[in-house]
Amino acid sequence: MEKTTVLITGCSSGIGLGLAARLAADGARRFKGKGVTLCRGGRHPRGSSVAPGVGSSVALVRVAALSPTVFATMRDVAKGEQLLAHLGGCCPDTLEVLQLDVTDPRSLAAAARRVQGQRLDVLALCPPVCNAGVGLMGPLETCSDHAMKTVFDVNLFGAVRTIQAFLPAMKRRRAGRIIVSSSIGGLQGLPFNSVYCASKFAVEGLCESLAIVLQPFNIHLTLVECGPVNTSFLANLQRPDPEGSELQDLDAETRGLYRRYLQHCQSLFRETAQEVEEVLQVFLEAISTPCPPLRCVTTQLFAPLSRLRLANPDGSAYVRAMHDFVFGHGGAGGDQP
């Protein structure tokens, strides 16, 4: 059986961590590698370049003929302790931990050099701590330029940079696949997630356009669109406190809608969020399927709303239905006089 080399970004937690652990522990030994000792106390492996920045939301899966390895990458390799704990406290010979920050071209170049010369068959872009990129929630009026640029730098430009770093080798070999972690927020607008959805809509457009060009090269591109997942996404995303000073100049009605949306999110995650293992199955199928589709949705929770968007192209029915789904029929802000 041919061995597979996988490079996954954002492996310090969530889906990236789960995917790295699952592939490194593959019983069929399809991902056999050299292994490496994880650095402790903030030290980094020899030959790695360390640069400040935001973690990646991309995972690269690659197939190699010689010395295949699972490369688990993260911005801060000191956080790899969680990955080792997931693997029973020891680093197997199937795993190598690399430093990689998709917002830093030098870091990407160093990672590309590390795997240079190996046959690249699969490039899978997996997520970081949020497993769908960097999140930004709140009324649009409160979103700073810095916060918005950070979201796009990671979610969109981080994906672009990573694909650019590894795609030429795949095209030369005329074989491979690219798997990109996306989100339901890349298919339909979500209230108080305008900037996040904009970044994921952009990723969807990027990948759909690229898939057309890559078809003659025998390179398959698949978007894995996740809904709510039990990771640290909700806890770690940037969002203002509805009672905090950031919203003191905001109108009362919008403030009330935002408060109700946060309650809706907490309820939705509590009652419907998927476990990481369930989502991992979709990624694994995308890796192993001979001809994977362009899009794979991990949950049918939002399927009725998705169908409504197609049935009513002008979008008005979807806007009403999503408003009613989140705020109730005719839901007002609640803070009106």
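All values derive from a computational prediction rather than experimental measurement. Each chain carries its own residue numbering, running from 1 in the written order of its sequence. Side-chain atom pairs in this predicted model are given and counted only at pLDDT of 80 or more, local residue features only at pLDDT of at least 70, and totals for whole chains, interfaces and linings cover all residues. Values reported for side chains reflect all heavy atoms of the structure, with hydrogen atoms and water molecules removed beforehand.

**Q** Tell me what's going on with the sheet that holds strand 6 (residues 176–183), and back it up with residues and numbers.
**A** Whether two strands pair depends on DSSP finding at least two bridges between them. Numbering of helices and strands runs from the N terminus; a helix is a DSSP stretch of H or I covering at least four residues, while a strand is a stretch of E covering at least two. Strands sit in the order 5-6-7-8 across an open sheet of four strands; the sheet is parallel. Two strands in the sheet have a free side with no partner beyond their single neighbour: strand 5 (122–125) and strand 8 (295–297). Strand-to-strand, the axes of this sheet are offset by a mean angle of 15°, without reference to chain direction. Pairing between strand 5 and strand 6: four bridges, direction parallel. Bridge pairing in strand 6 places Leu-123 opposite Ile-178. Relative to the sheet, helix 4 (residues 145–173) contacts strand 5, strand 6 and strand 7 (219–226), its axis offset from that of strand 5 by approximately 170°. Contacts from helix 8 (residues 276–288) reach strand 6, strand 7 and strand 8, with the element oriented near 155° to strand 6. Each axis is a line fitted through C-alpha atoms, and for a helix only the stretch in contact is used; angles between axes span 0 to 180 degrees, taken between their N-to-C directions. When checking whether two residues touch, look at their non-hydrogen atoms; a contact exists if any pair is within 4.5 Å.

**Q** Which residues make up helix 3 (residues 105–114), and what are the values?
**A** Taken residue by residue, helix 3 has Ser-107, Leu-108, Ala-110, Ala-111 and Ala-112 as its buried positions. In this structure, the buried side of helix 3 is in contact with strand 4 (95–99) and helix 4. Here a polar contact is taken to be a pair of N or O atoms separated by no more than 3.5 Å, where protein atoms must pair a possible hydrogen donor with a possible acceptor and residues adjacent in sequence count only if both atoms sit in side chains. Near the N-terminus of helix 3, the side chain that reaches the backbone nitrogen of Arg-106, with its oxygen 2.8 Å away, is that of Asp-104. We call a residue buried when its accessible area falls under 20% of the maximum for its residue type, exposed when it is over 50%, and partly exposed in between, using a 1.4 Å probe and counting protein chains only.

**Q** Residue-level account of the pattern of salt bridges, with values.
**A** One side-chain nitrogen of Lys or Arg within 4 Å of one carboxyl oxygen of Asp or Glu is enough to make a salt bridge. Under the definition given, this model contains seven salt bridges. A salt bridge links Glu-277 to Arg-22, with the nearest nitrogen and oxygen atoms 2.3 Å apart. Of this pair, Glu-277 sits in helix 8 while Arg-22 sits in helix 1 (residues 14–24); the two residues are 255 residues apart in sequence, bridging distant segments of the chain. Accessibility expressed as a relative area gives 28% for Arg-22, which makes it partly exposed.

**Q** With reference to specific residues and values, describe the nonpolar core.
**A** Joining through side-chain atoms within 4.5 Å is the link that ties buried Ala, Val, Leu, Ile, Met, Phe, Trp, Tyr and Cys residues into a set, and such a set is a nonpolar core. Within the largest apolar cluster, 34 residues are counted, with the highest numbers of intra-cluster contacts made by Leu-19, Leu-83 and Phe-283. Elements supplying a minimum of two residues to this core: strand 1 (5–8), helix 1, strand 3 (70–74), strand 4, strand 5, strand 7 and helix 8. When residues of this core are assigned to their parent elements, the largest contribution, eight residues, is made by helix 8. Setting aside chain neighbours within four positions, we find Leu-19 in contact with Ile-8, Cys-126, Leu-280, Phe-283, Leu-284 and Ile-287. Among the nonpolar cores identified, the runner-up in size contains 26 residues, and Leu-125, Met-170, Val-180 and Leu-210 belong to it.

**Q** Go over the pairing of strand 3 with me, naming the residues and quoting the values.
**A** With respect to burial, strand 3 is a largely interior element, five of its five residues being buried. For strand 1 and strand 3, the ladder comprises three bridges, and the chain directions are parallel. Residue pairing in the sheet places Leu-7 in a bridge with Phe-71 of strand 3. Pairing between strand 3 and strand 4: five bridges, direction parallel. The partner of Thr-73 across the bridge, within strand 4, is Leu-98.

**Q** Hey, could you go over unusual backbone geometry for me, with residue numbers and the actual values?
**A** Even without a glycine there, the phi angle at Arg-174 is positive, about 55°. Assignment of secondary structure puts Arg-174 in the loop between helix 4 and strand 6. Residue Arg-174 is classed as partly exposed on the basis of its relative accessible area, which comes to 46%. The backbone phi angle of Phe-192 is positive, close to 60°, even though this residue is not glycine. Turning to its location among the elements, Phe-192 is positioned in the loop between strand 6 and helix 5 (194–214). Taking relative accessible area as the criterion, Phe-192 reaches 14% and is therefore assigned buried.

**Q** Describe the packing of aromatic side chains, with residues and values.
**A** Pairing of aromatic rings covers Phe, Tyr and the six-membered ring of Trp, with a centre-to-centre limit of 6.5 Å; geometry is then stacked below 30 degrees between planes, edge-to-face above 60, and tilted otherwise. The tally for this structure, following the rule as stated, stands at three aromatic pairs. Measuring from centroid to centroid gives 6.2 Å for Phe-302 and Phe-325, while their planes differ by 80°, and the two rings are edge-to-face. In this pair, Phe-302 sits in the loop between strand 8 and helix 9 (303–311) while Phe-325 sits in helix 10 (residues 316–327), placing the two residues 23 residues apart along the sequence. The class of Phe-325 is partly exposed, set by a relative accessible area of 35%.

**Q** How would you summarise the confidence of the model for the protein chain if you had to cite specific residues and measurements?
**A** A score from 0 to 100, pLDDT tells how confident the predictor is in each residue. Confidence along the protein chain averages 80 in pLDDT terms, with 80% of residues attaining 70 or more. Model confidence for the protein chain, summarised as mean pLDDT per element, is weakest for strand 2 (residues 59–62) at 43 and strongest for helix 5 at 97. Counted against residues more than four places away or in other chains, residues 32–68, with its pLDDT under 50, gives 151 contacts. Counted against residues more than four places away or in other chains, residues 333–337, with its pLDDT under 50, gives ten contacts.

**Q** Could you give an account of the packing of helix 9 against helix 10, naming the residues involved and the relevant values?
**A** The contact between helix 9 and helix 10 brings their axes to 8 Å, and the two run at 160°. As judged from the angle between their axes, helix 9 and helix 10 are roughly antiparallel. Where helix 9 crosses over helix 10, the two elements pack in a sense that is right-handed. Contacts between helix 9 and helix 10 involve Leu-305, Leu-308 and Arg-309 from the former and Ala-317, Tyr-318, Ala-321, Met-322 and Phe-325 from the latter. Split by residue class, the contact of helix 9 with helix 10 holds seven nonpolar, no polar and one charged. Every angle not falling under 35 degrees, over 145, or within 65 to 115 is termed oblique; those three ranges are roughly parallel, roughly antiparallel and roughly perpendicular. Crossing handedness is read from the near helix: turned anticlockwise from the far helix by less than a right angle, it gives a left-handed crossing, and turned clockwise, a right-handed one. The residue classification treats Ala, Val, Leu, Ile, Met, Phe, Trp, Tyr, Cys and Pro as nonpolar and Asp, Glu, Lys and Arg as charged. All others, Gly included, are polar.

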